[in-house]
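Coordinates in review
Here is how the chains run, residue by residue.
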Protein chains: 2
Amino acid sequence: MDNTDTPPTGSGEAPGAIVLHQVGIIRNGVERPFLSAGDDGIELRGEMDAVKDEIRQSRDAVSEIVIDEKIVEILDGIEEYSHIVVLYWAHRVPESSRALTRVHPMGRAKIPSVGIFSTCSPARPNPVLTSLVRLHEKRGNILRVSGLDAIDGSPVIDIKPFVKEFYDKKDVRIPAWMRKICDEMGDYYE
Amino acid sequence: MDNTDTPPTGSGEAPGAIVLHQVGIIRNGVERPFLSAGDDGIELRGEMDAVKDEIRQSRDAVSEIVIDEKIVEILDGIEEYSHIVVLYWAHRVPESSRALTRVHPMGRAKIPSVGIFSTCSPARPNPVLTSLVRLHEKRGNILRVSGLDAIDGSPVIDIKPFVKEFYDKKDVRIPAWMRKICDEMGDYYE
């Protein structure tokens, strides 16, 4: 692949390496993700019906996003948004899972495997996960949010404002298997 | 900041370093971004009225996302989505811009500066940018998309499916300055 116009970023790193700086950490006491990534794919914790209820309950659970105090100014004005998009690093995904290319969606063997870029699998070449959350309160360097599906201790990479107009696309088409998962989740995403 | 439960990722890197692997590259012939990041903030290329028209025209321009052939399987099934979210690295953002905490939105001096996490500025601690695009065609390891606001040569980090239900939030609130920018852009995002 032509990589000649990708200069190195960071300092003292190998040419072409892209190095992220952790800007904060997620605190919510959640020890285990619903979907975990292993060497040979992803796995759903328990049966779908049981986990579904748990996932739905988690929607209202509060997480704290603790931003590095040295850059607290970076949050100025964020309290004017009702929702934000959090980018975090799935730090428990083993390095070996980053080499996977196909998985069964949601770890469900009954759904035929597809390419990882067609899924929300945490096992991906760069496990930078995104989560759209409701922002309840900003207190100093701490944001209190709900709907964040990360586990405790996840490094925060970035926060972006949520502007609904950006996502209001027409004629959106998704695969039948993804439609089925959405239907099972019902009003979870509202 | 408590960083003790953030194990190193990658191998041979400094403890706690998060290293991304480039999985592809964006090809679209676009040399300069509309918004560029310098040492002291971000700058809009030209006057808003002129640039606005150019930005609107760019909506229909086609970009190619060229994925590393060695992992082409990772795209299997992606053609069943009409829209995808592309995560890419803003490789032209100077390292010094990653230390900024506040900017004038869209580089416009008339809008009071705010914290960078309240903006879509490319100058941010980790310039991993996201763009929701329409997927027109998959041909081998190449995706043809429109609406991708990246410049030529940007490293691709990740691709995620776009499922509209995930973003269909109620009671979404944004700051007045962001509302004004959205209104100026009119139907750009449709």
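Residues numbered from 1 in each chain as written. Chains lettered and ligands numbered in written order. Predicted model: local features only at pLDDT ≥ 70, side-chain atom pairs only at ≥ 80, totals over all residues. Heavy atoms only, no water.

Glancing now at the overall build of chain A. Per the secondary structure count, chain A includes 2 helices and 11 strands. By the burial criterion, 55% of the 190 residues in chain A qualify as buried. Counting contacts in chain A only where the partners sit at least 6 residues apart, residues at least 24 apart contribute 75% of the total. Accessible surface for chain A amounts to roughly 8,500 Å². Of this, 49% is attributable to carbon and sulfur atoms. (Helix = DSSP H or I, 4+ residues; strand = E, 2+ residues; numbered from the N terminus. Buried < 20%, exposed > 50% of the residue type's maximum accessible area, 1.4 Å probe, protein only. Contact = heavy atoms within 4.5 Å. Areas by Shrake-Rupley, 256 points an atom, 1.4 Å probe, with all protein chains shown as cover.)

Residues and elements named next belong to chain A. Spatial ordering of the closed barrel is given by 2-5-10-9-6-11, a layout of 6 strands whose pairing is antiparallel. Between one strand and the next, the sheet's axes are offset by a mean angle of 45°, whatever the strand orientation. Note that strand 6 (residues 83-89) and strand 9 (residues 128-139) share 7 bridges and pair antiparallel. Opposite L87, over in strand 9, you have T130 as the bridge partner. (Pairing = 2+ DSSP bridges. Axes fitted to C-alpha atoms, helices over the stretch in contact; angles between N-to-C directions.)

A word on the confidence of the model for chain A. All names here are of chain A. On average, residues of chain A score 86 in pLDDT, and 88% of them reach the 70 mark or higher. For the stretch residues 1-14, pLDDT sits under 50, and the model shows 31 contacts to residues farther than four places along the chain or on other chains. For this predicted complex, the interface confidence score (ipTM) comes to 0.88, while the overall pTM stands at 0.88. (pLDDT = per-residue confidence, 0-100.)

Membership of the largest hydrophobic core comes to 111 residues, with the highest contact counts inside it found for I84(A), I159(A), I84(B) and I159(B). Contacts of I84(A), omitting those with residues within four sequence positions, involve I78(A), S131(A), L132(A), V133(A), L135(A), L143(A), V145(A), I159(A), K160(A) and F162(A). (Core = buried A, V, L, I, M, F, W, Y, C linked by side-chain atoms within 4.5 Å.)

Here the second copy of the chain follows from the first by a rotation about an axis and a shift along it. Of the transformation superimposing chain A on chain B, the axial component is 0.0 Å and the angular component is 180°, with the fit at an RMSD of 0.0 Å. Expressed as a symmetry operation, the mapping of one chain copy onto the other fits a two-fold axis. Across chain A, the rotation axis passes nearest the C-alpha of V19(A), at a separation of 2.3 Å. The fraction of interface residues of chain A whose copies in chain B are also interface residues reaches 100%, indicating that both copies meet through the same surface. (Least-squares fit on C-alpha atoms with pLDDT ≥ 70 in both.)

Time to look at helix 1 (residues 48-58) of chain B. All names here are of chain B. Burial in helix 1 covers these residues: M48, V51, K52 and I55. The buried residues of helix 1 all sit within an arc of 110° when viewed along its axis, so they share a single face. Of the exposed residues in helix 1, the ones pointing more than 90 degrees away from its buried face are D49 and Q57. Check the buried side of helix 1 and you find it contacts strand 4 (41-44) and helix 2 (176-185). (Arc of directions from axis to C-beta.)

Here we come to the interface of chain A and chain B. Contacts between the two partners involve 85 residues from chain A, matched on the other side by 85 residues from chain B. Roughly 8,200 Å² of surface becomes buried between chain A and chain B when both sides are summed, with 56% attributable to carbon and sulfur atoms. The three residues of chain A that bury the most area against chain B are I18(A), I74(A) and F117(A), which together make up 10% of that side's buried surface. Of the charged contacts in the structure, one is a salt bridge between K164(B) and D168(A), with a shortest N-O distance of 3.7 Å. Put simply, chain A and chain B have 46 residue pairs in polar contact (both at pLDDT 80 or more) between them. Of all elements in the fold, only strand 1 (18-20), strand 2 (24-27), strand 5 (62-67), strand 6, strand 8 (114-115), strand 9, strand 11 (155-161) and helix 2 (176-185) of chain A reach the threshold of two or more residues within the side of chain A that touches chain B. It is strand 11 of chain A that provides the largest number of residues to the side of chain A that touches chain B, a total of 6 residues. Partitioning the side of chain A that touches chain B into residue classes produces 41 nonpolar, 18 polar and 26 charged. In the sheet, strand 1 of chain A pairs with strand 1 (residues 18-20) of chain B via 3 bridges, with the strands oriented antiparallel. Across the sheet, L20(A) pairs through a bridge with I18(B), a residue of strand 1 of chain B. (Buried area = accessible area lost by both parts, 1.4 Å probe. Salt bridge = Lys/Arg side-chain N within 4 Å of Asp/Glu carboxyl O. Polar contact = N/O pair within 3.5 Å; in protein donor to acceptor, adjacent residues only side chain to side chain. Nonpolar A, V, L, I, M, F, W, Y, C, P; charged D, E, K, R; others polar.)

With that settled, consider the sheet that holds strand 9 (residues 128-139) of chain B. Residue and element names in this part refer to chain B. Read around the closed barrel, the 6 strands follow the order 2-5-10-9-6-11; overall the barrel is antiparallel. Direction aside, neighbouring strands of the sheet carry axes that sit 45° apart on average. Examined bridge by bridge, strand 5 (residues 62-67) and strand 10 (residues 142-146) share 5 bridges and lie antiparallel to one another. Looking at strand 10, one finds that V62 is bridged to S146.

A separate point is the pairing of strand 5 of chain A. One ladder, built from 4 bridges, connects strand 2 of chain A with strand 5 of chain A; its direction is antiparallel. Across the sheet, residue G24(A) finds its bridge partner in strand 5 of chain A, namely I67(A).

This next bit is on the pairing of strand 9 of chain B. Two faces belong to every sheet, and in a regular strand the side chains alternate between them. Residue and element names in this part refer to chain B. As paired elements, strand 9 and strand 10 share 5 bridges and run antiparallel to each other. Note that in strand 10 the partner of K138 across the bridge is L143. Taking the residues that link successive antiparallel strands as the turn, the strand 9-strand 10 hairpin has 2 residues, and the phi of G140 there is positive, at about 65°.

Within the structure shown, the criterion is met by 30 salt bridges over all chains. Here D152(A) ties to R27(A) by a salt bridge, and the two come within 3.0 Å at their closest N and O atoms. Here D152(A), found in the loop between strand 10 (142-146) and strand 11, pairs with R27(A), found in strand 2; they are 125 residues apart in sequence, far enough to count as distant. We classify D152(A) as buried; its relative accessible area is 18%. Of the residues examined, R27(A) reaches a relative accessible area of 22% and is grouped as partly exposed. In this structure, the salt-bridge partner of E64(B) is R144(B), at a minimum N-O distance of 3.6 Å. Of this pair, E64(B) sits in strand 5 while R144(B) is found in strand 10, placing the two residues 80 residues apart along the sequence. E64(B) gets classed as partly exposed once you look at its relative accessible area, which sits at 28%. Put simply, E64(A), E137(A), R139(A) and R144(A) are held in one network by salt bridges that share partners.

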